[in-house]
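# Fold and contact review
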Amino acid sequence: GAGVSQSPSNKVTEKGKDVELRCDPISGHTALYWYRQSLGQGLEFLIYFQGNSAPDKSGLPSDRFSAERTGGSVSTLTIQRTQQEDSAVYLCASSQGASPETQYFGPGTRLLVL
Amino acid sequence: GQSLEQPSEVTAVEGAIVQINCTYQTSGFYGLSWYQQHDGGAPTFLSYNALDGLEETGRFSSFLSRSDSYGYLLLQELQMKDSASYFCATPSGNTPLVFGKGTRLSVIA
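Residues numbered from 1 in each chain as written. Chains lettered and ligands numbered in written order. Predicted model: local features only at pLDDT ≥ 70, side-chain atom pairs only at ≥ 80, totals over all residues. Heavy atoms only, no water.

### Re a nonpolar patch on the surface
Residue and element names in this part refer to chain A. Applicable threshold: Only residues above 30% relative accessible area that lack a salt bridge enter a patch, with like-charged residues linked at up to 9 Å and the nonpolar side chains Val, Leu, Ile, Met, Phe, Trp and Tyr linked at up to 5 Å. Accessibility throughout is a Shrake-Rupley quantity obtained with a 1.4 Å probe, and a residue counts as covered only by protein chains that appear here. Between Lys or Arg on one side and Asp or Glu on the other, a salt bridge is scored when a side-chain nitrogen of the former is within 4 Å of a carboxyl oxygen of the latter. Counting from the N terminus, the helices are the DSSP runs of H or I reaching at least four residues and the strands are the DSSP runs of E reaching at least two. Only protein chains enter the accessibility calculation, which uses a 1.4 Å probe; a residue is then buried when its area is under 20% of its type maximum, exposed when over 50%, and partly exposed in between.
Residues Val12, Leu112 and Leu114 make up a contiguous nonpolar surface patch of roughly 280 Å² in combined accessible area. Following the sequence through the fold, Leu112 ends up in strand β10 (residues 109-113). Judged by relative accessible area, which is 41%, Leu112 ranks as partly exposed.

Take a look at the structure:
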C-alpha cells in the first residue's frame, strides 16, 4: 500500500478485556516495529519483526502482550486482560531490510482502557 | 544500551533559526536519526547521520559529532507549521531504534 495502515484508529475497552491491534506495513518492507506512546511522552519500543526471523520480544512490558506477523506482512498486537496503564497510542512502523534508522509510521491506534 | 538527552521544550520566532541538541551515551553507535511528530500525528522521518558532519535537506539540517557523542537538528526560516515535537533516535543493542523523550518546538509570531 501507499503507507502503513493501522486499525482500529480508536479503541475503548473495559479493564480485563482482550484487545487486538492490527498493522499493515508498506508493501515490500521486511521489518515491522511496534511502539507505545503515552500522552506527551516518547516512543517506547515493544517488539520487532525482521523477515521470517523470530521476533525480538525483549521490549514487551509484560506477558499480557504478544504479537504475531503472518506471511511476513500484516501484524497483530494482542493485549490480554487490559489494565488502565495500557492506555496509550500504539504505533506501528515498517522499514526496508536492515534499515531501522528510517522507519515509516502508521497513524496509530489510540487505546483507552476504562 | 543507549540513552539520549534532548531539551524538553524550545520556543523560537517565525523566520528565525533554531537548533535542537541531542547527546547520547554509547555502547556501540550506529548513527543518529531525527523524527518530527505533530500533535495527534505519527512520527515522520527527517534525517539520518551515519558519519560526522552536516546533512542538509531543504530548511532542515542535521549534524553529528561522534567524538563528542552529540548531534543537533537545525531548522532554518522557521514556519508556524514547524511547531511539533522532534525526536532523536539511535539503535541500541537488540533494540532497532531507541528514541529520546522529544523536544517540543513552539514557533511564535
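### Considerations on the interface of chain A and chain B
A common measure of how large an interface is: the accessible area buried when the components associate. Rules: Contact between two residues is taken to exist if any of their heavy atoms lie within 4.5 Å; hydrogens are not considered. Joining two parts hides part of their accessible area as seen by a 1.4 Å probe, and the buried area is that hidden amount summed over both. We define a polar contact as two N or O atoms separated by no more than 3.5 Å, with the added condition that, inside protein, one atom must be a possible hydrogen donor and the other a possible acceptor, whereas residues neighbouring each other in sequence contribute only through side-chain atom pairs.
The interface of chain A with chain B comprises 18 residues on the first partner and 17 residues on the second. Around 1400 Å² of area is buried between chain A and chain B when both sides are counted, 63% of it from carbon and sulfur atoms. By the criterion of area lost to chain B, the three top residues of chain A are A:Leu43, A:Glu101 and A:Phe105, representing 35% of everything that side buries. Counting every contact that joins chain A to chain B gives zero salt bridges. Connecting chain A to chain B are five residue pairs in polar contact (both at pLDDT 80 or more).

### Observations concerning the packing of aromatic side chains
Filter applied, for reference: Aromatic pairs are defined between Phe, Tyr and Trp rings, using the six-membered ring for Trp, whenever the two ring centres lie within 6.5 Å; interplanar angles under 30 degrees are classed as stacked, those over 60 as edge-to-face, and all others as tilted.
A complete count under the given rule lists 11 aromatic pairs over all chains for this structure. Ring geometry for B:Tyr35 against B:Phe45: centres 5.7 Å apart, planes inclined by 75°, an arrangement best described as edge-to-face. Here B:Tyr35 is found in strand β4 (residues 32-37), whereas its partner B:Phe45 is found in strand β5 (residues 44-49), with 10 residues between them in sequence. These aromatic residues form a ring-pair network of at least three members: A:Tyr35, A:Phe45, A:Phe105, B:Tyr35, B:Phe45, B:Phe87 and B:Phe99.

### Structural notes on the environment of B:Tyr24
Residue and element names in this part refer to chain B. Following the sequence through the fold, Tyr24 ends up in strand β3 (residues 18-25). Residue Tyr24 is classed as buried on the basis of its relative accessible area of 4%. For the pair Tyr24 and Gly100, spaced 76 residues apart in sequence, the C-alpha to C-alpha distance is 9.1 Å.

### Concerning the pattern of salt bridges
Under the definition given, this model contains five salt bridges over all chains. Where A:Arg36 meets A:Glu44, a salt bridge forms, and the shortest distance between an N and an O atom there is 3.0 Å. Residue classification places A:Arg36 among the buried positions, given a relative accessible area of 11%. Taking relative accessible area as the criterion, A:Glu44 reaches 31% and is therefore assigned partly exposed. Here B:Asp39 makes a salt bridge to B:Arg104, at a shortest N to O gap of 2.7 Å. In this pair, B:Asp39 sits in the loop between β4 and β5 while B:Arg104 sits in strand β11 (residues 103-108), placing the two residues 65 residues apart along the sequence.

### Re the state of the cysteines
Put plainly, a disulfide is one covalent bond tying together the sulfur atoms of two cysteines. Let me state the cut-off plainly: By disulfide we mean two sulfur atoms from cysteines, separated by a distance within 2.5 Å.
Per the counting criterion, the structure on display carries two disulfides over all chains. At a sulfur-sulfur separation of 1.8 Å, the disulfide partner of A:Cys23 is A:Cys92. On the S-S bond that ties A:Cys23 to A:Cys92, the torsion sits near -65°, and the link is left-handed. With A:Cys23 in strand β3 (residues 19-24) and A:Cys92 in strand β8 (residues 88-95), this pair connects stretches of sequence that are 69 residues apart. A relative accessible area of 0% means that A:Cys23 is categorised as buried. One disulfide bridge connects B:Cys22 with B:Cys88, the sulfur atoms lying 2.1 Å from each other. Since a negative S-S torsion denotes a left-handed disulfide, the B:Cys22-B:Cys88 link at about 75° is right-handed. Placement of the pair is B:Cys22 in strand β3 and B:Cys88 in strand β9 (residues 84-92), with a sequence separation of 66 residues. Each member of the pair, B:Cys22 together with B:Cys88, is buried.

### Topic: the sheet that holds strand β6 (residues 65-69) of chain A
All names here are of chain A. Inclusion rule: Note on pairing: two strands pair once DSSP finds at least 2 bridges between them. Lines fitted to C-alpha atoms define the axes, with helix axes restricted to the stretch in contact, and inter-axis angles between N-to-C directions lie between 0 and 180 degrees.
With antiparallel pairing, four strands are arranged side by side in an open sheet as β1-β3-β7-β6. The open sheet has two free edges, formed respectively by β1 (5-7) and β6, since each of these has just one partner strand. Put simply, the sheet's adjacent strands are angled 15° from each other on average, direction ignored. In this structure, β1 lies alongside β3, joined through three bridges in antiparallel fashion. Paired with Gln6 across the two strands is Cys23, which belongs to β3.

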